[in-house]
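Spelled out, the chains give:
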Amino acid sequence: MTRHWSAIPLALFLAACASAPTPPPAPAAPPGPAVLTDGIGMTLYIFDRDVAGSGKSACNGPCAANWPPQAASSDAAAFGPYTIIKRDDGMRQWAYKGKPLYRWAKD
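What counts and what doesn't
- Residues numbered from 1 in each chain as written.
- Predicted model: local features only at pLDDT ≥ 70, side-chain atom pairs only at ≥ 80, totals over all residues.
- Heavy atoms only, no water.
- Salt bridge = Lys/Arg side-chain N within 4 Å of Asp/Glu carboxyl O.
- Helix = DSSP H or I, 4+ residues; strand = E, 2+ residues; numbered from the N terminus.
- Buried < 20%, exposed > 50% of the residue type's maximum accessible area, 1.4 Å probe, protein only.
- Polar contact = N/O pair within 3.5 Å; in protein donor to acceptor, adjacent residues only side chain to side chain.
- Lys, Arg positive; Asp, Glu negative; His and termini not counted.
- Pairing = 2+ DSSP bridges.
- Phe/Tyr/Trp six-rings, centres within 6.5 Å; stacked < 30°, edge-to-face > 60°.

1. Concerning the pattern of salt bridges
Tallied over the entire structure, the rule returns one salt bridge. Among the salt bridges present, the one from Lys-56 reaches Asp-88, with a minimum N-O distance of 3.7 Å. Of this pair, Lys-56 sits in the loop between β4 (45–47) and α1 (62–66) while Asp-88 sits in the loop between β5 (82–86) and β6 (92–96), and the two are 32 residues apart along the sequence. Residue classification places Lys-56 among the partly exposed residues on the basis of a relative accessible area of 48%. Overall, the relative accessible area of 57% leaves Asp-88 in the exposed class.

As structure tokens, then:
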């Protein structure tokens, strides 16, 4: 079986509340191996089928129900390796090095 989801090896904290303005991701330097996380410490993932830099997500419909996109608020701005893509449904989503970021619904 091929694994298509990967955790990002970097710490990142995003706002967890969609109604509050989303601060930009802020790198942190925890001891030991780091993992990309959202504002409440939940792991963020990339989807191997997403094409870096395409500005598109390959995870829609039932896929997005299982792997919710990491939302970016309307006032969030891209910086460094963090960008924002616009999904097919119009939602803004954070991306790292051009690859959209997701959470796992069962975490």
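This is not the end of the story, as more comes after the structure.
2. What to know about the side chain of Gln-70
The topology assignment puts Gln-70 in the loop between α1 and β5. Of note is the side chain of Gln-70, whose polar atom sits 3.4 Å from the side chain of Arg-103.

3. Some remarks on the side chain of Asp-38
Among the structural elements, Asp-38 can be located in the loop between β3 (26–28) and β4. Buried charge without a salt bridge: Asp-38, with Arg-103 as the nearest opposite-charge side chain at an N-O distance of 4.6 Å. Within the structure, Asp-38 has its side chain in polar contact with the backbone nitrogen of Ile-40 (distance 3.0 Å).

4. Thoughts on the sheet that holds strand β7 (residues 99–100)
Pairing is antiparallel in the open sheet, where three strands are placed in the order β5-β6-β7. Lying at the two open borders of the sheet, with one neighbouring strand each, are β5 and β7. Across two bridges, β6 lies against β7 in antiparallel orientation. From the neighbouring strand, Tyr-96 faces β7, where its bridge partner is Lys-99.

5. Looking at the pairing of β6
Among the five residues that make up β6, four are buried, leaving the element largely enclosed by the rest of the structure. From the end of β5 to the start of β6, which pair antiparallel, there are five residues, and Gly-90 there has a positive phi angle of about 90°.

6. What to know about unusual backbone geometry
Most of the time, phi is negative for any residue but glycine, and the peptide bond is trans. Although it is not a glycine, Lys-97 adopts a positive phi angle of roughly 50°. A residue is classified by how much of its surface remains accessible, and Lys-97, at 57% relative accessible area, is exposed.

7. Examining the packing of aromatic side chains
The full count for this structure, using the stated rule, is four aromatic pairs. Arranged with centres 4.4 Å apart and planes meeting at 40°, the rings of Trp-67 and Trp-104 form a pair that is tilted. Of this pair, Trp-67 sits in the loop between α1 and β5 while Trp-104 sits in the segment after β7, and the two are 37 residues apart along the sequence. Of the residues examined, Trp-67 reaches a relative accessible area of 14% and is grouped as buried. Residue classification places Trp-104 among the partly exposed positions, given a relative accessible area of 25%.

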